[in-house]
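Observations on the three-dimensional arrangement
For reference, the chains in residue letters:
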Amino acid sequence: MKVPLTAFSGVVLVSRGDETLLAEAAGYAHRGYGVENTVDTRFAIASGTKGFTALVVVGLIAEGRLSLETTARSVLGGDLPLIDDAVTIEHLLTHTSGIGDYCDEEADPPPTPSLATSADYLAALDGFPQRSAPGTEFRYNNGAFAVLGLLAERVAGRPFHDLVHERVCEPAGMADTAFLRSDALPGRTATGYLEDGRTNVFSLPVRGHGDGGSYSTAPDFRRFWPAFLDGRIVPREWVARMLRPHAPGYGLGFWLPWPGAVRLEGGDHGVSFRSTHSGGVTATLVSNDHRGGGPLLKQLDEFLTKP
């Protein structure tokens, strides 16, 4: 397989089991110092993180510590009082909660506060009225997954970032995946770039949470999909339930773009990510500038769906 990487900054990795079909890197992880991207470079994955959040929550459900019917209110107590008392874990996981979204992608984006801790996110999520009755409509909702992250850490008694590491990254062997601070990126990590050439450090939260902001590599997602589908992260019966459509084209935290395919994706200022597993093939694209994947994403989908 060949994909032209003209005017692209990032990595494309396509594999079938142990066979690498395509592994290409282009552009710069850091333009100022001339550091080139490599296949192993870490990139922000934005809302790709939502799949990790879903797995943490479903893992707690499989252990009997939560259920799909658990209401958010039963865990939140008096916090976030504008969330309807009938909103359940299932509503939050399927974007059908109808809660007000602190980061509404259909509205003008609000100024990004310096979000880094769970307390920061709790404060940012407050004050947004319920938009629709729970369970009545599918509406993509970043805030719902931030709430799920808060619920998970309260029930487990562990910081959310630790839960993702222990319950997702470790069993999947994703050694390069973590919630890094955008203002203190370590080596081998790509800085995101905006259209005017500035970095995205002032455009994103300092540290991500349940709705996005983790960093990973294309090879880590090569490891992720077999671990998830083989039941090494959550039990197999729950894998099947997560990949059953609960809303059009969406399961429990995962996109279902066509029959037999499962996907995580995300995009933000200077961030573009998509990883799709279909027919035994995994195709992952990560990018660190405003152009994102562009026509490469269409080409990858055409390859995955060809007879």
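Keep in mind that what you see is a predicted model, and the values were worked out from it rather than measured.

1. Let's talk about the sheet that holds strand β9 (residues 281-287)
Here we have 5 strands laid out as an open sheet, ordered β2-β1-β9-β8-β7, and antiparallel in their pairing. Across the chains shown, the open sheet's two edge strands, defined by having one partner strand only, are β2 (19-26) and β7 (261-268). Sheet twist, expressed as the average angle between the axes of neighbouring strands with direction ignored, equals 0°. One ladder, built from 7 bridges, connects strand β8 (residues 271-278) with β9; its direction is antiparallel. Bridge pairing in β9 links His277 to Thr282. Most of the contacts of helix α9 (residues 295-305) go to β9, to which it runs at about 175°, and overall it touches β1 (10-16), β2, β7, β8 and β9.

2. Brief notes about helix α6 (residues 160-172)
In an α-helix there are 3.6 residues to a turn, and that puts residues three or four apart on one side. Its 13 residues place the ends of α6 17 Å apart at the C-alpha level, agreeing with the 18 Å of an ideal helix rising 1.5 Å per residue. Considering bend angle alone, the principal kink of α6 is centred on Glu166 and spans about 30°. When α6 is considered as a whole, its buried residues turn out to be Phe160, His161, Leu163, Val164, Val168, Cys169 and Ala172. In the core, the buried residues of α6 are packed alongside α1 (49-62), α5 (142-156) and α7 (218-229). The first or second residue beyond α6 is Gly173, which carries a positive phi of 70°.

3. Description of the packing of α6 against α7
Put simply, α6 and α7 touch, their axes get as near as 8 Å, and they point 105° apart. In terms of orientation, α6 lies roughly perpendicular with respect to α7. Listed contacts from α7 to Val168, Pro171 and Ala172 of α6 are Arg223, Phe224 and Ala227.

4. Things to note about the pattern of salt bridges
The final tally for this structure, using the stated rule, is 17 salt bridges. Each of Arg263, Glu265, Arg274 and Asp301 takes part in one network of salt bridges that share partners.

5. Topic: the packing of aromatic side chains
Geometry of an aromatic ring pair is reported as the spacing of the ring centres plus the angle between the planes. Inspection of every chain in the model, using the stated rule, returns 15 aromatic pairs. Centre to centre, the rings of Phe52 and Phe221 are 6.0 Å apart; their planes meet at 15°, and the pair counts as stacked. Of this pair, Phe52 sits in helix α1 while Phe221 sits in helix α7, and the two are 169 residues apart along the sequence. Phe221 sits in the buried class, given a relative accessible area of 0%. The interplanar angle of 10° and the centroid separation of 4.7 Å between the aromatic rings of Phe228 and Phe254 together place this pair among those described as stacked.

6. Focus: the side chain of Thr96
Structurally, Thr96 is set in the loop between α3 (89-93) and α4 (118-125). Setting aside chain neighbours within four positions, we find Thr96 in contact with Glu90, His91, Ala133, Pro134, Gly135, Thr136, Glu137 and Phe138.

7. As for the pairing of β8
Among the 8 residues in β8, 8 count as buried, and that is most of the element. Residues Val271, Phe273, Ser275 and His277 point to one face of β8 and Ser272, Arg274, Thr276 and Ser278 to the other, with burial holding for every one of them. Relative to β8, β7 is paired through 8 bridges, and the arrangement is antiparallel. Among the inter-strand pairings, Glu265 is bridged to a residue of β8, identified as Arg274. In this antiparallel pair of consecutive strands, β7 and β8, the connection spans 2 residues, and Gly270 shows a positive phi of 70°. Connecting the antiparallel pair β8 and β9 is a turn made up of 2 residues, with Gly279 showing a positive phi of about 60°.

8. Some words on the environment of Thr189
Assignment of secondary structure puts Thr189 in the loop between α6 and β6 (215-216). C-alpha separation for the pair Thr189 and Asp176, spaced 13 residues apart in sequence, amounts to 9.8 Å. When residues no more than four places from it in sequence are discounted, the contact partners of Thr189 are Ala29, Thr41, Arg42, Leu180 and Tyr215. One polar contact links Thr189 to Arg42, side chain to side chain, over a distance of 3.1 Å.

9. Observations concerning the pairing of β2
As paired strands, β1 and β2 are joined by 7 bridges and run antiparallel to one another. By the bridge assignment for β2, Gly10 is matched with Ala26. Counting the residues that bridge the hairpin from β1 to β2 gives 2 residues, and of these Gly17 lies at a positive phi of roughly 60°.

Quick notes on the rules
Residues numbered from 1 in each chain as written. Predicted model: local features only at pLDDT ≥ 70, side-chain atom pairs only at ≥ 80, totals over all residues. Heavy atoms only, no water. Pairing = 2+ DSSP bridges. Helix = DSSP H or I, 4+ residues; strand = E, 2+ residues; numbered from the N terminus. Axes fitted to C-alpha atoms, helices over the stretch in contact; angles between N-to-C directions. Contact = heavy atoms within 4.5 Å. Expected span 1.5 Å × (residues − 1). Bend = angle between axes of the 7 residues up to and from the residue. Buried < 20%, exposed > 50% of the residue type's maximum accessible area, 1.4 Å probe, protein only. Parallel < 35°, antiparallel > 145°, perpendicular 65-115°, else oblique. Salt bridge = Lys/Arg side-chain N within 4 Å of Asp/Glu carboxyl O. Phe/Tyr/Trp six-rings, centres within 6.5 Å; stacked < 30°, edge-to-face > 60°. Polar contact = N/O pair within 3.5 Å; in protein donor to acceptor, adjacent residues only side chain to side chain.

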